[in-house]
Amino acid sequence: MVKNTDLDSNDYVSSPFTAPETRATPVAETPVVDAAEEVVATDQSPDVEIDTATQSKPDFEPIVLENPMQLVFRPPAPEYIPIRSGRPMDDEGPSVRRRTRGNRVERSERVERVYIEPEQITEPQRIRGSTRIEAKRQRRRDSRDSGRRRPVVTETEFLARRESVDRKMVVRSKDGRIQIGVLEDNVLVEHYVARSTESSIIGNVYIGKVQNVLPSMEAAFVDIGRGRNAVLYSGEVDWDAAATEENANQPRRIEMALKSGDPLLVQVTKDPVGHKGARLTSQVSLPGRYVVYVPSGSINGISRKLPDSERTRLKKILATVLPENAGVIVRTAAEGATEEQLTLDVQRLTAQWDAIQKKAEKGNGPVLLHSEPDLLVKIIRDVFNEDFQNIIIHGDEAKTVISDYLAQVAPDLIERIIDHNDGTDPFDTYRINEQIIKALDRKVWLPSGGSLVIDRTEAMTVIDVNTGKFIGSGGNLEETVTKNNLESAEEIVRQLRLRDIGGIVVIDFIDMVLESNRDLVQRRLIECLSRDRTKHQVAEITSLGLVQMTRKKLGLGLLETFGEPCEVCAGRGLIIHHEPVGKARVEGSPEPGASRRGRGKQTTQPKQQQGQTGTHEITDSARSALAAIATATVNHDSSDGGPVARKGKTIEDLDSLLDSLPEAPEPGARTARRPRRATKKATSDTSTGESTTAD
């Protein structure tokens, strides 16, 4: 037998195979011996030194192993069980061990986190600092996490995009206004209107005076001398310039940066619309031909529409051209610009900023410090570049303005000016007026037969895609729907640019089953949007086929330019009555209850109520004319030769004629027919009489 004496007190660990009341410890490593062999562990040699710790170990009863693979468990002695700190033993009786993993405090916290429900929030919460600044940060984080930032195009894609489209610009001066149309492959994609009586104030720089600060709205109203106060939100405040020693370490709140009566240097970013005032920003930026100059910041950026090789070249040039403590944003028009052109553009913008600062030191406000040029010059500066084949100009004044500006900033583009003076309207020559009229409709037809329905609401613009008359050519429904969606994606981008639709746009594509087809439609939409120079963002297509996107609005919009709200329905499209109105029947549809045979026959119209005048009312003159016709057509059976009705009454007017007409048979009643024999007999008699007379 084997007697185990090599166990330590720390080796007595409870086993999961035993009940809590009879926890057992496994026996230490035991050599396999035969049952006949006996080894007495108590006989110790006198030369062996016995440790005191060994003497304190418990003695176990000998165990005979019947099988070498047998597991042996032995209940531990309570006095040799290690005691954990914080768990006092009960001296009155044996304690029951319970397994615990980890610290008891951590275990209790884990249980609370799993089982205890969080407290429901019943009151509005607030954040520390500015809400608008935090919202801007969240949008940036979401954009980075979802990877929706537009990638930089390769040089091959950039060159292919430029060479695949034939661009033209048409400028017409007529009746005190200038209209500008941008054509791509002779298709109108953008339209602008500049009136001499109306001027935009976007880009103007003012010294304003703070009138009121609203902390709860995180906005301030500023007087810029335009009659109506403009609004400045906390997200547009230049916090570096507004920082002082007092509020340096405090949260960015607009009431700490601005006070009523303070002068403030601001720039207009949005024109006043309706009852809303202009929108301002204190982060001034001056746009140029190739760069946007940011005097009060170290912002340096390059358009993502440029290839990597061009971006690298421009970075090297701007490193030597830019002044200290100033930043620029390189525009797409800087592609191919030389170092001399970029230097002149930066120097011109720097001189403009110096002039603005000198004027700001003299005036207290509200004072206009810098005004942007009119819309014609801004469109030529921002849109017209080397991608356009030519520019057609109708009007001497417009031609002079464009030529003078191009001579200063881009002399190589002057040769692309074409003077349209043959006496015709260029908008009719290039079919621009026709395309504008179609763009004003709610429904847009696609070349294949599909259609788009564009509806504008207060919150967003909704575009519905329909197959219409498009039935596809072979394949199955999924292929037909995908082809229609691809064609619709191209036309949707054109309509967004032409109508200048901004804000939130939701596109309802036709449902596609395969995810690869949804990705294909999304890529086509993003590729077409690369031609759009405005800022936009596209989300993924949902399982319902919806695409959410945002687009920045440039101007007033095509519908607002050529239309105005209806005075009757206030632009709603419906006339509201105080009483319920029956549904109008479709023109040409049969009356309810009419038989199938009687669809082609005229039905009796109900008489109009007294005091109402309808469109088809029978006037007195018409009644007299109809009575005269009845007099000439009705048989004359009376003695005096006058027309007599069916009931013996003389026909004097239209009412008596209507009374004399036979009544319509009741539904289901059969009308009497004249016998055919009598008809034949009468016919034969007539022919016989004629023949007798002839004889």
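Residues numbered from 1 in each chain as written. Predicted model: local features only at pLDDT ≥ 70, side-chain atom pairs only at ≥ 80, totals over all residues. Heavy atoms only, no water.

- Quoted verbatim from the Subcellular location (unreviewed entry) field of UniProt, the annotation for the chain is "Cytoplasm". (UniProt positions renumbered as here; feature names shortened; annotations may be inferred.)

## Digging into the overall build of the chain
So, point 1. Looking only at helices and strands, the chain features 18 helices and 23 strands.
So, point 2. With 695 residues in all, the chain has 32% of them scored as buried.
So, point 3. Long-range pairs, those at least 24 residues apart, make up 63% of the contacts in the chain between residues at least 6 apart in sequence.
So, point 4. Put simply, the chain shows about 47,500 Å² of open surface, and 50% of that area lies on carbon and sulfur atoms. (Helix = DSSP H or I, 4+ residues; strand = E, 2+ residues; numbered from the N terminus. Buried < 20%, exposed > 50% of the residue type's maximum accessible area, 1.4 Å probe, protein only. Contact = heavy atoms within 4.5 Å. Areas by Shrake-Rupley, 256 points an atom, 1.4 Å probe, with all protein chains shown as cover.)

## Here's the deal with helix α7 (residues 308-321)
Helical geometry: 3.6 residues make up each α-helical turn, so side chains three or four residues apart lie on a common side.
So, point 1. Here α7 contains 14 residues, and its C-alpha end-to-end distance of 20 Å stays within 8% of the 20 Å for a straight helix at 1.5 Å per residue.
So, point 2. Buried residues of α7: Glu310, Arg311, Leu314, Ile317, Leu318 and Val321, and no others. Within α7, the buried residues cover an arc of 130° as seen down the axis, which keeps them to one side. For α7, exposure combined with an orientation more than 90 degrees from the buried face picks out Lys315, Lys316, Ala319 and Thr320.
So, point 3. Where α7 is buried, its residues touch β13 (300-302), β14 (327-330) and α8 (339-362). (Expected span 1.5 Å × (residues − 1). Arc of directions from axis to C-beta.)

## Structural notes on a nonpolar patch on the surface
So, point 1. Taken together, the side chains of Leu440, Leu559 and Phe562 present a nonpolar region at the surface, about 250 Å² in accessible area.
So, point 2. One can find phenylalanine 562 in helix α15 (residues 558-562).
So, point 3. Look at phenylalanine 562 and you get partly exposed, because its relative accessible area is 41%. (Patch = residues over 30% accessible without salt bridge, like charges linked within 9 Å, V, L, I, M, F, W, Y side chains within 5 Å. Salt bridge = Lys/Arg side-chain N within 4 Å of Asp/Glu carboxyl O.)

## Notes on the pairing of strand β6 (residues 205-214)
Looking along a regular strand, one sees the side chains alternate between the two faces of the sheet.
So, point 1. Relative to strand β9 (residues 263-270), β6 is paired through five bridges, and the arrangement is antiparallel. From the neighbouring strand, glycine 208 faces β9, where its bridge partner is leucine 264.
So, point 2. Two strands pair when backbone bridges link them, and β6 and strand β15 (residues 367-370) are joined in this way by three bridges, in the antiparallel orientation. Opposite isoleucine 207, over in β15, you have valine 367 as the bridge partner.
So, point 3. Hairpin connection of β6 to strand β7 (residues 219-223): four residues between the antiparallel strands, including glutamate 218 at a positive phi of 55°. (Pairing = 2+ DSSP bridges.)

## A short note on the packing of helix α13 (residues 477-499) against helix α14 (residues 515-529)
Each pair of packed helices gets described by two things: the angle between the helix axes and the distance between those axes.
So, point 1. Here α13 crosses α14 at 15°, and the two axes come no closer than 8 Å. Viewed along their axes, α13 and α14 adopt a mutual orientation that is roughly parallel. Once α13 is placed against α14, the crossing between them reads as right-handed. Taking contact as the criterion, the partners of Glu478, Thr482, Asn485, Leu486, Ala489, Glu490 and Val493 in α13 are, on α14, Asn517, Leu520, Val521, Arg524, Leu525, Cys528 and Leu529.
So, point 2. Here the contact of α13 with α14 is built from residues that sort into eight nonpolar, three polar and three charged. (Axes fitted to C-alpha atoms, helices over the stretch in contact; angles between N-to-C directions. Parallel < 35°, antiparallel > 145°, perpendicular 65-115°, else oblique. Left-handed = near helix turned anticlockwise from the far one by under 90°. Nonpolar A, V, L, I, M, F, W, Y, C, P; charged D, E, K, R; others polar.)

## Section: the confidence of the model for the chain
So, point 1. Residues at a pLDDT of 70 or more form 65% of the chain, whose mean pLDDT is 74.
So, point 2. Residue range residues 88-93 is modelled with pLDDT below 50. Its contacts to residues more than four positions away, or to other chains, number two contacts.
So, point 3. Counting interchain partners and residues more than four positions distant, the pLDDT-below-50 stretch residues 593-615 has five contacts. (pLDDT = per-residue confidence, 0-100.)

## A short note on helix α12 (residues 432-439)
So, point 1. Within the span of α12, buried status applies to Ile432, Gln435, Ile436 and Ala439. The arc that holds every buried residue of α12, seen down its axis, measures 105°, which confines them to one face. In α12, those exposed residues whose orientation departs by more than 90 degrees from the buried face are Ile437 and Lys438.
So, point 2. Summarising the contacts, the buried residues of α12 are in contact with β3 (167-174), β4 (177-184), β5 (187-195), α11 (426-429), α13 and α15.

## A word on the sheet that holds strand β18 (residues 443-445)
So, point 1. Here we have six strands laid out as an open sheet, ordered β18-β19-β20-β21-β23-β22, and mixed in their pairing. What marks the edges here is a single partner per strand, and that holds for β18 and β22 (536-538). On average, each strand axis in the sheet is inclined to that of its neighbour by 20°, with strand direction left out of account.
So, point 2. Judged from the three bridges that link them, β18 and strand β19 (residues 451-456) form a sheet pairing that is antiparallel. Directly across from lysine 443, in β19, lies its bridge partner valine 453.
So, point 3. Sheet strands touched by α13: β18, β19, β20 (460-466), β21 (503-508) and β23 (546-551). Its angle to β20, the strand with the most contacts, is close to 150°.
So, point 4. With respect to the sheet, α14 is in contact with β21, β22 and β23, its orientation differing from that of β22 by roughly 175°.

## Considering the sheet that holds β13
So, point 1. Strand order in the open sheet formed by four strands is β11-β12-β14-β13, with mixed pairing between adjacent strands. The open sheet has two free edges, formed respectively by β11 (286-287) and β13, since each of these has just one partner strand.
So, point 2. Alignment of strand β12 (residues 291-294) against β14, held across four bridges, turns out to be antiparallel. Counterpart to valine 294 in the pairing with β14 is glycine 327.
So, point 3. Sitting on the sheet, α8 touches β11 and β12, and the angle it makes with β12 is about 35°.

## Some remarks on the side chain of arginine 311
So, point 1. Summarising the element assignment, arginine 311 is placed in helix α7.
So, point 2. Within the buried core, arginine 311 has no salt-bridge partner, and the shortest N-O distance to an opposite charge, that of aspartate 308, equals 4.4 Å.
So, point 3. Here the side chain of arginine 311 touches serine 303 through a polar contact of 3.1 Å, landing on its backbone oxygen. (Lys, Arg positive; Asp, Glu negative; His and termini not counted. Polar contact = N/O pair within 3.5 Å; in protein donor to acceptor, adjacent residues only side chain to side chain.)

## A look at a positive patch on the surface
So, point 1. A contiguous patch of positive charge, built from Arg139, Arg140, Lys535 and Lys552, is present on the exposed surface.
So, point 2. Classification of lysine 535 by relative accessible area gives exposed; the value is 65%. (Charge placed at Lys NZ, Arg CZ, Asp CG, Glu CD.)

## Remarks on unusual backbone geometry
So, point 1. Non-glycine residue aspartate 175 carries a positive phi angle of around 55°.
So, point 2. Mapped onto the elements, aspartate 175 comes out in the loop between β3 and β4.
So, point 3. Its relative accessible area of 63% is what places aspartate 175 among the exposed residues.
So, point 4. For glutamate 218, which is not a glycine, the phi torsion comes out positive at approximately 55°.
So, point 5. Tracing the chain through its elements places glutamate 218 in the loop between β6 and β7.

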